[in-house]
Amino acid sequence: DLAKNEWPKAFDAIHKAETQSIMAQVMTKEMFEKMKDIKSERGWTIARAINTGVTNPTSFTGCHAGDLDSYHTFKDFFFPVVEKYHVGYNTKTDKHVTDMDVKKIETVLEKHAEKKIISTRIRCARNLSFFPLNTLGTKEGRV
């Protein structure tokens, strides 16, 4: 259905499920119909954005942005998703701040946690806005 840019028939069952992805909590047939013919700057569509949540209904988030512009092109969908994922964050009033200064970390680990943690890492999939997100990446773009 999504490959044909049509409302997925599977969505009726997904909406009735006891546990739903954030995408399924936000997406409606009316919203899909309104956005289905719109594309982001790099060609991302709402059908591609929700495909993962339709094919994997137990996914926690259930959607992907294809590029930075996707968040604004489909803001009526993505902003509520972001607010549900980051409880307490308001997309209208809050601004994301990146601060990597470890001296500003005020949380102290409990002794039992200090003994268990050997190492940690921060995963960064992409941090340059002029490159597409992984979902829209091409072999040529990765070389």
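J.: Can you lay out helix 4 (residues 46-55) for me, pointing to particular residues and giving the numbers?
T.: Most of helix 4 sits inside the fold, with seven of its 10 residues counted as buried. Summarising the contacts, the buried residues of helix 4 are in contact with helix 1 (11-16), helix 2 (22-26), helix 3 (29-35) and helix 6 (75-85).

J.: Tell me about the pattern of salt bridges, and name the residues and values.
T.: Under the counting rule described, the total for this entry stands at four salt bridges. Here K9 and D1 are joined by a salt bridge, their closest N and O atoms 3.2 Å apart. For D1, a relative accessible area of 30% translates into the label partly exposed. Among the salt bridges present, the one from K104 reaches D99, with a minimum N-O distance of 2.9 Å. The exposure class of D99 is partly exposed, given its relative accessible area of 42%.

J.: Describe the packing of aromatic side chains, with residues and values.
T.: Think of a pair of aromatic rings as described by two things: how far the centres are apart, and how the planes are tilted against each other in angle. Applying the stated criterion across every chain, the model contains five aromatic pairs. Aromatic pair W7 and F11: ring centres 4.5 Å apart, planes at 25°, arrangement stacked. As far as burial versus exposure is concerned, W7 and F11 are alike and both buried. Taken together, the ring pairs in this structure connect W7, F11 and F32 into an aromatic cluster.

Definitions and limits used
- Residues numbered from 1 in each chain as written.
- Predicted model: local features only at pLDDT ≥ 70, side-chain atom pairs only at ≥ 80, totals over all residues.
- Heavy atoms only, no water.
- Buried < 20%, exposed > 50% of the residue type's maximum accessible area, 1.4 Å probe, protein only.
- Helix = DSSP H or I, 4+ residues; strand = E, 2+ residues; numbered from the N terminus.
- Contact = heavy atoms within 4.5 Å.
- Salt bridge = Lys/Arg side-chain N within 4 Å of Asp/Glu carboxyl O.
- Phe/Tyr/Trp six-rings, centres within 6.5 Å; stacked < 30°, edge-to-face > 60°.

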